[in-house]
Amino acid sequence: MAAQKAKLLGEQDAQKVVDELERLYRDAKYFLHFDTTVNLLAGAIIEARTKDEVVIKVTSELFKKYHTAKDYAHSTPEELLKYIRQATFAGNKAKSIIGACKLIEQRYGGKVPSTIDELTELPGIGRKTANTILINGFGIVEGMPIDTWAMRVSYRLGLTDKTDPDGVEDDLKAKVPKRYWANFAYVLKAHGKEICNIVPQCGKCPLNSICPKNGV
Ligand code: SF4
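It should be emphasised that the depicted structure is a prediction, and the values quoted were computed from it without experimental measurement.

A.B. asks: Can you walk me through helix 1 (residues 11-24) in this structure?
C.D. replies: Side chains of residues three or four places apart in an α-helix project in the same direction, reflecting 3.6 residues per turn. Between the first and last C-alpha of helix 1 there are 20 Å, a value that for 14 residues agrees with the 20 Å anticipated at 1.5 Å per step. Here helix 1 has its buried residues at Ala 14, Val 17, Val 18, Glu 20, Leu 21 and Glu 22. If you follow the buried residues of helix 1, they end up packed against helix 10 (165-175) and helix 11 (181-194).

Here's what the structure looks like:
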């Protein structure tokens with residue numbers, strides 16, 4: 001991202017951008033298929049900095065064998081690595097999943113907790129992963145799961161001038177109506193994949209005339 005100060009859109013233009021993105025990608029949703037909340041948690045840990053296609057591939061096999069916190073708590077990092085080796089930082093993620101599931105067994109009787117504070121106390125779980133679990137596992141919307149797609153697209157569009165996930169989430173929460181929070185990170189990711197990729201295709205972007213193109 002650019003060292004130059006980012007231009008922020010004014011309130012009305014920001015609203016127009018948010019509404020247009022929602023109109024364009026209103027069906028955008030979390031990509032992962034999971035059978036249990038524990039597997040959602042495992043998948044949400046695995047997906048960090050890993051391509052969606054790889055996550056889908058490794059979890060489709062992993063989720064055939066593992067379903068509960070007990071299943072993971074009684075496993076070993078070596079055993080999990082047989083399934084998730086293709087993910088980035090697979091060794092650390094295997095340890096985090098097992099560590100988180102041991103605590104879920106001990107503290108919560110095997111049930112994934114449903115508050116951001118409880119979730120972020122578990123190994124390998126920051127705000128983004130916790131928001132992913134709350135939104136997709138419990139329908140609880142307290143924030144947005146900000147990934148690198150959401151950060152890059154919202155920065156370019158002038159919806160934020162921050163370059164850290166928490167700062168971006170705070171800015172977006174101030175600008176995006178709460179009814180959009182549950183899927184807005186997925187909307188930004190969809191626009192990133194479709195048009196505003198690493199090399200943005202501004203010429204064919206419906207937001208071209210309004211976008212300040214920060215860092216482009
Ligand atoms: S105009 Fe360019 S930089 Fe702005 S959102 Fe569209 S593709 Fe991205």
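And the narrative resumes.
A.B. asks: Please explain the nonpolar core as it appears in this structure.
C.D. replies: Within soluble globular proteins, side chains that are nonpolar generally end up buried alongside one another. In terms of nonpolar packing, the biggest core is built from 68 residues, with Leu 21, Leu 41, Tyr 72, Leu 159, Leu 172 and Phe 184 touching the most fellow members. In terms of residues, this core owes the most to one element, helix 6 (residues 90-108), which gives eight residues. When residues no more than four places from it in sequence are discounted, the contact partners of Leu 172 are Met 144, Ile 146, Ser 154, Leu 159, Phe 184 and Leu 188.

A.B. asks: Which parts of the structure should I look at to understand the packing of helix 2 (residues 37-46) against helix 8 (residues 127-138)?
C.D. replies: Helix packing for two helices is described by the angle between their axes and how far apart those axes are. The N-to-C vectors of helix 2 and helix 8 enclose an angle of 150°; their axes lie 10 Å apart at closest approach. With respect to helix 8, the element helix 2 is oriented roughly antiparallel. Here helix 2 and helix 8 pass one another in a crossing that is right-handed. Between helix 2, through Thr 37, Leu 40, Leu 41, Ala 44 and Ile 45, and helix 8, the contact on the second element is made entirely by Thr 129, Thr 132, Ile 133, Asn 136, Gly 137 and Phe 138. When its residues are assigned to classes, the contact of helix 2 with helix 8 shows six nonpolar, five polar and no charged.

A.B. asks: Honestly, the packing of aromatic side chains in this entry has me stumped. Any pointers?
C.D. replies: Aromatic rings considered in pairs are described by the distance between their centres and by the relative angle of their planes. Counting across every chain of the model gives four aromatic pairs. Aromatic pair Tyr 30 and Phe 31: ring centres 5.3 Å apart, planes at 65°, arrangement edge-to-face. The pair Tyr 30 / Phe 31 is uniform in exposure class, with both members buried. Three or more aromatic residues link up through ring pairs in this structure, and these residues are Tyr 30, Phe 31 and Tyr 186. Stacked on the ring of Trp 149, the Lys or Arg Arg 152 has its end atom at 5.3 Å from the ring centre. Positioned above the aromatic ring of Tyr 180 is the side chain of Arg 179, whose terminal nitrogen or guanidinium carbon lies 4.6 Å from the ring centre.

A.B. asks: Any chance you could explain the pattern of salt bridges here in plain terms?
C.D. replies: Any two side chains of opposite charge can pair, on the condition that their charged atoms come close. In the structure shown here, the tally under the stated rule is 13 salt bridges. Across the salt bridge formed by Asp 13 and Lys 16, the nearest N and O atoms sit 3.8 Å from each other. Highlighted residues: Asp 13 and Lys 16, both in helix 1, separated by three residues, approximately one helical turn. Judged by relative accessible area, which is 52%, Lys 16 ranks as exposed. Measuring nitrogen to oxygen at the nearest pair gives 2.9 Å for the salt bridge that ties Glu 20 to Arg 23. Here the residue Glu 20 and the residue Arg 23 both occupy positions in helix 1, the gap between them amounting to three residues, near one helical turn.

Analysis parameters
Residues numbered from 1 in each chain as written. Predicted model: local features only at pLDDT ≥ 70, side-chain atom pairs only at ≥ 80, totals over all residues. Heavy atoms only, no water. Helix = DSSP H or I, 4+ residues; strand = E, 2+ residues; numbered from the N terminus. Expected span 1.5 Å × (residues − 1). Buried < 20%, exposed > 50% of the residue type's maximum accessible area, 1.4 Å probe, protein only. Contact = heavy atoms within 4.5 Å. Core = buried A, V, L, I, M, F, W, Y, C linked by side-chain atoms within 4.5 Å. Axes fitted to C-alpha atoms, helices over the stretch in contact; angles between N-to-C directions. Parallel < 35°, antiparallel > 145°, perpendicular 65-115°, else oblique. Left-handed = near helix turned anticlockwise from the far one by under 90°. Nonpolar A, V, L, I, M, F, W, Y, C, P; charged D, E, K, R; others polar. Phe/Tyr/Trp six-rings, centres within 6.5 Å; stacked < 30°, edge-to-face > 60°. Lys NZ or Arg CZ within 6 Å of the ring centre and 35° of its normal. Salt bridge = Lys/Arg side-chain N within 4 Å of Asp/Glu carboxyl O.

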